[in-house]
Amino acid sequence: MAKGKRVVFTFDERSLRALEVMTEEGNYDSMVDTIRESLKISRALQTQAKQGFSEITLRNPDTGDKRVIVIPHLQLLA
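Each chain has its residues counted from 1, following the order in which its sequence is written. A pLDDT threshold of at least 70 governs which residues receive local features in this predicted model, and a stricter bar of 80 or more applies before side-chain atom pairs are shown or counted, although totals over entire chains, interfaces and linings include all residues. Hydrogens and water are ignored here; the side-chain numbers use all heavy atoms of the structure.

## Comments concerning helix 2 (residues 31–50)
Here is step 1 of the chain: A run of H or I in DSSP becomes a helix once it reaches four residues, and a run of E becomes a strand once it reaches two; helices and strands are each numbered from the N terminus. Here a helix's expected span is defined as the number of its residues, less one, multiplied by 1.5 Å. A rise of 1.5 Å per residue sets the reference length of helix 2, with its 20 residues, at 28 Å; its end C-alpha atoms lie 29 Å apart and thus fit the reference within 8%.
Here is step 2 of the chain: At the C-terminal side of helix 2, G52 shows a positive phi close to 100 degrees.

Below, the structure written as structure tokens:
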């Protein structure tokens, strides 16, 4: 197993609460798992942005409704 590096984060109250809610609603085992998964998603989005993609389209499979999400920071990478 690869040796890890211990990292300590300091969250303000609002950010910590958001992390707690994400952990609970996402059914993650821990806040660490929530952060780890969030980093993977962020990295995937950065990779796509570097290839020129700058919007995320979400589709509700039940209704077919679509929503487009634009993340300003990712647009800077595109």
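Okay, back to it.
## Let's talk about the confidence of the model for the protein chain
Here is step 1 of the chain: Scored between 0 and 100, pLDDT is the confidence that the predictor attaches to each residue. Looking at the protein chain, the pLDDT average stands at 92 and 97% of residues meet or exceed 70.
Here is step 2 of the chain: The spread of mean pLDDT over the elements of the protein chain runs between helix 3 (residues 72–77), the lowest at 78, and helix 1 (residues 13–25), the highest at 98.

## Overview of the pairing of strand 1 (residues 55–59)
Here is step 1 of the chain: Here the rule is simple: two strands pair whenever DSSP picks up at least two bridges between them. Bridge count between strand 1 and strand 2 (residues 66–70): 5 bridges; the pairing is antiparallel. Residue pairing across strands places I56 opposite I69, the latter belonging to strand 2.

## Here we look at helix 1
Spacing of three or four residues puts side chains on the same side of an α-helix, whose turn is 3.6 residues.
Here is step 1 of the chain: With 13 residues, helix 1 ought to run about 18 Å at 1.5 Å a step, and its terminal C-alpha atoms sit 18 Å apart, in line with that.
Here is step 2 of the chain: At the C-terminal side of helix 1, N27 shows a positive phi close to 55 degrees.

## A short note on unusual backbone geometry
Here is step 1 of the chain: Positive phi values are uncommon outside glycine, yet N27 reaches one of about 55 degrees.
Here is step 2 of the chain: On the secondary structure map, N27 appears in the loop between helix 1 and helix 2.

## A closer look at the packing of helix 1 against helix 2
Here is step 1 of the chain: To obtain an axis, a line is fitted to C-alpha atoms, over the contacting stretch when the element is a helix, and the angle between two such axes runs from 0 to 180 degrees between their N-to-C directions. Remark: helix 1 packs on helix 2, axes separated minimally by 9 Å, with the N-to-C direction vectors making an angle of 90 degrees. When the axes of helix 1 and helix 2 are compared, the pair comes out roughly perpendicular. Each of L16, L19, E20, M22 and T23 in helix 1 lies in contact with helix 2, whose residues at this interface are M31, T34, I35 and S38.
Here is step 2 of the chain: For this classification, the nonpolar set comprises Ala, Val, Leu, Ile, Met, Phe, Trp, Tyr, Cys and Pro, the charged set comprises Asp, Glu, Lys and Arg, and every other residue, Gly included, is treated as polar. Residue composition of the contact of helix 1 with helix 2, grouped by class: 5 nonpolar, 3 polar and 1 charged. Oblique is the label for every angle not falling under 35 degrees (roughly parallel), over 145 degrees (roughly antiparallel), or within 65 to 115 degrees (roughly perpendicular). Note on definitions: a residue-residue contact is assigned when non-hydrogen atoms from the two residues lie within 4.5 Å.

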